[in-house]
Amino acid sequence: MESKFIINGRQPLSGNIKVKGAKNAALKIFPVALMTDEAIKVVNVPDIEDCHRAQEMLVALGHSVKNLGDGQMQIQRQNKTCLNLPAELVNKFRSSVMFVGPLLATCGEAHFPHPGGCVIGATRPIDMFLDGFAKMGAKVKTLENSYHLTAKKLKGASIFFPKVTVTGTESLMTTACLAQGKSILENCAMEPEIPALADFLNKMGAKITGAGTSTIKIEGVKKLSGGEYKIIPDRIEAGTFAILAAAANSGEIIIEDCEPKHLGALWAIFDRNGVNYKLGKNSIKIFPSAKIMAENVVTHEYPGFATDLQSAYTVLMTQAQGISLIHETIYDRRLLFCDTLTQMGADIIMADPHRSVVNGPTKLYGRKLVIPDLRAGIALVIAALIAHGKTEVSNIYQIERGYEGLAERLKNIGADIEKI
Ligand code: EPZ
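Residues numbered from 1 in each chain as written. Predicted model: local features only at pLDDT ≥ 70, side-chain atom pairs only at ≥ 80, totals over all residues. Heavy atoms only, no water.

Caption draft 1: Structural detail: the site of the ligand. Near the ligand, the surroundings consist of 24 residues, among which K28, D127, T165, T167 and D308 are the closest. In this structure, an oxygen atom belonging to the ligand sits 3.4 Å away from a side-chain N or O atom of K163. I330 has a polar backbone atom sitting 3.1 Å from an oxygen atom of the ligand. Counting only elements with at least two residues in the shell around the ligand, the list comes to α1 (23-29), α5 (127-135), α6 (166-176), α10 (307-317) and α12 (374-386). Here the residues of the shell around the ligand sort into 10 nonpolar, five polar and nine charged. (Near = heavy atom within 4 Å. Polar contact = N/O pair within 3.5 Å; in protein donor to acceptor, adjacent residues only side chain to side chain. Helix = DSSP H or I, 4+ residues; strand = E, 2+ residues; numbered from the N terminus. Nonpolar A, V, L, I, M, F, W, Y, C, P; charged D, E, K, R; others polar.)

Written as structure tokens, this is what we have:
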């Protein structure tokens, strides 16, 4: 039977909560295992559904994945790598597309359907990946329900991304490591997960410079070795817990094992909201605030305000004094969850698919909720935690795609939440 969360809201929250390894870093590191015959050890792997799917993909492609316990995994090639990415896995997470470049670079071929993932944008295209592979010399065939890519030998290329793309940058940077000659990628994404991935590839023998800036240069190498990779802390999880603490506004919450410097845009907006916080080197303390003030937000590529924090911030604004404009610039379906918040008592007007206006503060009330996607899901859990009464949350698979042991960790800071 399907699992649900039952949440009784308005319990005072306080205490310590630890941040896990970053989902969006882990999902980019697993495919790198296809590019070496040696073993790779990955440390601080979050125990989440999307990582389980990525590990299943590695097994389907002929690798062994050993769980060494305590968030440590060892991956090693066992059989000849398969050239088909299984549809049932590709449909479940978008970053399955990260496996394409390594397959193409090492086997000269990859066959896969359009990747799935959160339904937060009209189609979530992969045109920039396909254009990039074509520039590196791959033949790209778009079939009725899938793509078929072939390349005898990939060649380094100069690629200017027409739009900033996180996974596109990561995919082409990774693939270029085994292409012949030099690649220059321009208008790259700069999210912290990108230099983290480049650091690991460089440890394996790649020659990447500039990751974390908008221009990345890669000198192709003949082969990569194995290595060990420690996944960086999940900045979105840390930011989400900080927003939860501010929204609950009931006690001191200490968020541990995180990188506060990856969340500069959130601290800038918290200053304007009047949220009472203190940053340590690897921790964040949120204290109760006298009053939370409304403040507009515009989502932006890193280092701007992350689209992945927009939904949680929208919930915070339902508790703030005044009117805030939420401008979601990256995706056109990420504000749809506002309808559910309105059913819980929020006063939100949807101006258009990219902008909503929140009038706060309002009381929220528990309801029966069905989770539409990961980040809307965690936002609705935050809403339930501060709402009056009981909320029943279903389709929690979407939340478990990205948050490990959420109910347990929230219980530890005083939440009344049960997974049934
Ligand atoms: C990454 O998605 C993250 N996912 C997303 O996190 C995050 O919301 C997003 O970056 C933006 O920060 C992972 O890292 C696994 P993009 P990604 O390519 O790389 C368009 C979460 O909740 N585009 O930067 O898929 C695209 O449609 C998730 O953890 C094209 O048009 O995002 C979007 O409008 C969800 N063509 C924009 O670019 C392409 O070929 C930015 O997307 C590729 C993307």
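Back to the write-up after that little detour.
Caption draft 2: The arrangement of the side chain of T299 in detail. You can see T299 is positioned in the loop between β17 (297-298) and α10. Once you skip the residues sitting within four places of it in the chain, T299 turns out to touch F305, A306, T307, Q310, H327, E328, T329 and I330. (Contact = heavy atoms within 4.5 Å.)

Caption draft 3: Highlighting unusual backbone geometry. A cis amide bond links Y302 with the next residue in sequence, P303, at an omega value of 10 degrees. Assignment of secondary structure puts P303 in the loop between β17 and α10. The omega angle of the peptide bond from G360 to P361 is -5 degrees, so this bond is cis rather than trans. Along the chain, the position of P361 falls in the loop between β20 (355-360) and β21 (368-370).

Caption draft 4: Inspection of the sheet that holds β21 at higher detail. An order of β21-β22-β1-β23 is seen for the four strands of this open sheet, with the pairing classed as mixed. Both edges of this open sheet fall to β21 and β23 (416-419), since each of them pairs with a single strand only. Neighbour-to-neighbour, the strand axes of this sheet turn through a mean angle of 20 degrees, independent of strand direction. Sheet topology note: the strand β1 (residues 5-8)/strand β22 (residues 390-394) ladder contains four bridges and is antiparallel. (Pairing = 2+ DSSP bridges. Axes fitted to C-alpha atoms, helices over the stretch in contact; angles between N-to-C directions.)

Caption draft 5: Quick peek at the environment of D416. Structurally, the position occupied by D416 is in strand β23. Sequence separation between D416 and V97 is 319 residues, and the spatial gap between their C-alpha atoms is 38 Å. Once residues lying within four places of it in the same chain are set aside, the contact partners of D416 are I6, I7, N8 and Q11.

Caption draft 6: The arrangement of the sheet that holds strand β14 (residues 253-256) in detail. Read from one edge of the open sheet, four strands run β2-β14-β16-β15, paired in mixed fashion. Where the open sheet ends on each side, the last strands, each with one partner, are β2 (15-18) and β15 (276-279). Within this sheet the neighbouring strands show an average axis-to-axis angle of 20 degrees, counted without direction. The pairing of β2 with β14 spans four bridges and is parallel. Each residue of the ladder has a partner; that of N16, found in β14, is I254.

What is shown is where atoms sit, not what they do.
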